[in-house]
Amino acid sequence: IIDATGDADVTHRAGATTLKQAPEDMIGTSVMFSMSGVNKQRFIEQVKADPQTYRDWAYGQWTVETTGKEDEMFSPFLRKPFEQAREAGLIPANLDTIAGTWGAIYDSGDLTYLNMCHLYLDGTNPDALTHGEMAGRKQAMHAIAALQAFMPGCEDAKLRNFGMTLGIRDTRKIDAVYNMTADDVMEQGRFDDSIGIFPEFIDGYGYLILPTTGRYFHLPYRSMVPKNVKHLITAGRVIGGDKVSHAAVRNMMCCAVAGQGAGVAAALAVKTDRDFDEIDISAVQKELVRQGARIS
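In short, a report on the structure. (Residues numbered from 1 in each chain as written. Predicted model: local features only at pLDDT ≥ 70, side-chain atom pairs only at ≥ 80, totals over all residues. Heavy atoms only, no water.)

1. Some thoughts on the packing of helix α3 (residues 80-87) against helix α4 (residues 126-150)
Argument step 1. Running from N to C, α3 and α4 point in directions that differ by 95°, and their axes come no closer than 9 Å. One finds that α3 runs roughly perpendicular with respect to α4. In this structure, α3 uses Pro81, Phe82, Gln84 and Ala85 to contact α4, whose residues at the interface are Ala143, Ala146, Leu147 and Phe150.
Argument step 2. A class-by-class count of the residues in the contact of α3 with α4 yields seven nonpolar, one polar and no charged. (Axes fitted to C-alpha atoms, helices over the stretch in contact; angles between N-to-C directions. Helix = DSSP H or I, 4+ residues; strand = E, 2+ residues; numbered from the N terminus. Parallel < 35°, antiparallel > 145°, perpendicular 65-115°, else oblique. Contact = heavy atoms within 4.5 Å. Nonpolar A, V, L, I, M, F, W, Y, C, P; charged D, E, K, R; others polar.)

Right, here's the structure in full:
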């Protein structure tokens, strides 16, 4: 079985050890939305007039630790319209986490991939997910009202759509045969059982390190294999590690790397009638390379 549930549901129910923090200590959950009816020219003029950098992510209860190279890089980040809206009483004063990035703006007036509403909840709890959907959508409507009032170009804008579901970044992690560390992802960790590579891209728990230098780390096979359960491998953000390593491997592109490795390992486990902790890792690596994966 490959557990690619994102929450280690299969691993947890199989009796293996999984680790989960309190919701307030997890990486925040996002409610994505898009808008239509934005005047692109006026919006971009305002962005150019007051350009934001990744240093601007640090404010209020948010802290950001970078390598320094990120501090002066342009970021499609918006915060000031929401501060002004709180001061004006347009949105509740307690919604001090509304801020974030926009993804793209089109000539049609669509402003997409707005990542501005953040919640702290347990994504393994169905009730919490339900309440999170409702609370997050209310926040998104507050955010739109703030942009209409205080962001040039958004005066006549309206909601286009919500994301299909909440963006959960953090729930259970497995206790793996090898649990990755901050040093592994920040100092270009190298492993004999690598099943792929990933850039030095760390986003979460107060860290923001962008992949601009060519530095990368190996993703070890052992970090996907849980202890104390047979015939099971994991893929995605549940793989074993500490907080900082999770802030790297939870990224979607790294989840794809893990997924390809887990899929190849499962196929070879069936073909050779071996369990995941007995499989010939060199055979897994050989097949991954044949498929075009870079493992070193």
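2. Some details on the nonpolar core
Argument step 1. Counting 73 residues, the largest nonpolar core has Phe33, Met35, Phe43, Phe82, Trp102, Leu219 and Tyr221 as its most contacted members.
Argument step 2. Here this core gets nine residues from one element, more than from any other, and that element is helix α7 (residues 252-272).
Argument step 3. Apart from residues lying up to four places away in sequence, Met35 is in contact with Gly109, Asp110, Leu111, Leu114, Ile144, Leu147, Cys154, Ala157, Lys158, Leu159 and Arg160. (Core = buried A, V, L, I, M, F, W, Y, C linked by side-chain atoms within 4.5 Å. Buried < 20%, exposed > 50% of the residue type's maximum accessible area, 1.4 Å probe, protein only.)

3. Brief notes about the packing of aromatic side chains
Argument step 1. By the definition in use, this model includes six aromatic pairs.
Argument step 2. An aromatic cluster of at least three residues, connected via ring pairs, comprises Tyr54, Trp57 and Phe77.
Argument step 3. Above the face of the Tyr216 ring, Arg190 is positioned so that its terminal group lies 4.3 Å from the ring centre.
Argument step 4. Sitting over the ring of Tyr178, Arg222 keeps its end group 4.9 Å from the ring centre. (Phe/Tyr/Trp six-rings, centres within 6.5 Å; stacked < 30°, edge-to-face > 60°. Lys NZ or Arg CZ within 6 Å of the ring centre and 35° of its normal.)

4. A few points about the side chain of Asp170
Argument step 1. Considering the arrangement of structural elements, one finds Asp170 in the loop between β8 (158-162) and β9 (173-174).
Argument step 2. The class of Asp170 is buried, set by a relative accessible area of 2%.
Argument step 3. A polar contact is formed between the side chain of Asp170 and the backbone nitrogen of Ile27, at a distance of 3.1 Å.
Argument step 4. Ignoring sequence-local partners within four residues, the contact set of Asp170 consists of Gln21, Met26, Ile27, Tyr205, Arg237 and His246. (Polar contact = N/O pair within 3.5 Å; in protein donor to acceptor, adjacent residues only side chain to side chain.)

5. Remarks on the environment of Arg55
Argument step 1. Structurally, Arg55 is set in the loop between α2 (40-49) and β4 (77-78).
Argument step 2. Counting along the chain gives 18 residues from Arg55 to Met73, while the straight-line C-alpha distance between them is 8.2 Å.
Argument step 3. Apart from residues lying up to four places away in sequence, Arg55 is in contact with Glu70, Asp71 and Glu72.

6. Some thoughts on empty space enclosed by the protein
To find the voids left in a structure, one rolls a probe of water-molecule size over its atoms.
Argument step 1. Under the criterion given, the structure shown has one cavity of 30 Å³ or more.
Argument step 2. Looking at the largest cavity, its volume works out to about 30 Å³.
Argument step 3. Lining the largest cavity are Val31, Glu133, Arg137, Phe162, Gly163, Thr165 and Leu166.
Argument step 4. Residues of the lining of the largest cavity, tallied by class, amount to three nonpolar, two polar and two charged. (1 Å grid on protein atoms, 1.4 Å probe; cavity = no way out; pocket = protein on both sides within 12 Å on 5 of 7 lines; lining within 4 Å. Points joined across faces, edges and corners; volume = space filled by probe spheres on them.)

7. Thoughts on the layout of surface pockets
Argument step 1. Estimates place the volume of the largest pocket at around 1,400 Å³.
Argument step 2. Lining the largest pocket are 45 residues, and of these Ile27, Asn115, Arg169, Asp203 and Arg250 sit closest to its centre.
Argument step 3. Across the lining of the largest pocket, the residue classes tally to 23 nonpolar, 15 polar and seven charged.
Argument step 4. The space that makes up the second largest pocket amounts to roughly 150 Å³.
Argument step 5. What lines the second largest pocket is a set of 17 residues, among which Gln46, Asp50, Leu78, Pro81 and Met151 lie closest to the centre.
Argument step 6. Among the secondary structure elements, those contributing two or more residues to the lining of the second largest pocket are α2, β4 and α3.
Argument step 7. The element contributing the most residues to the lining of the second largest pocket is α3, with three residues.
Argument step 8. Taken together, the residues of the lining of the second largest pocket sort by class into ten nonpolar, four polar and three charged.

8. Notes on the pattern of salt bridges
Argument step 1. As enumerated under the stated definition, the model contains 21 salt bridges in all.
Argument step 2. The partner of Arg13 in a salt bridge is Asp9, with the nearest N and O atoms 3.6 Å apart. Here the residue Arg13 and the residue Asp9 both occupy positions in helix α1 (residues 9-13), the gap between them amounting to four residues, near one helical turn.
Argument step 3. Salt-bridge contacts for Glu133 lead to Arg137; the nearest nitrogen and oxygen are separated by 3.7 Å. Pair noted here: Glu133 and Arg137 are both in helix α4, with a separation of four residues, about one helical turn.
Argument step 4. Looking at Glu133, the relative accessible area reads 23%, which means it is partly exposed.
Argument step 5. A relative accessible area of 35% means that Arg137 is categorised as partly exposed.
Argument step 6. Shared partners join several salt bridges into a network, and the residues in it are Asp9, Arg13 and Arg172. (Salt bridge = Lys/Arg side-chain N within 4 Å of Asp/Glu carboxyl O.)

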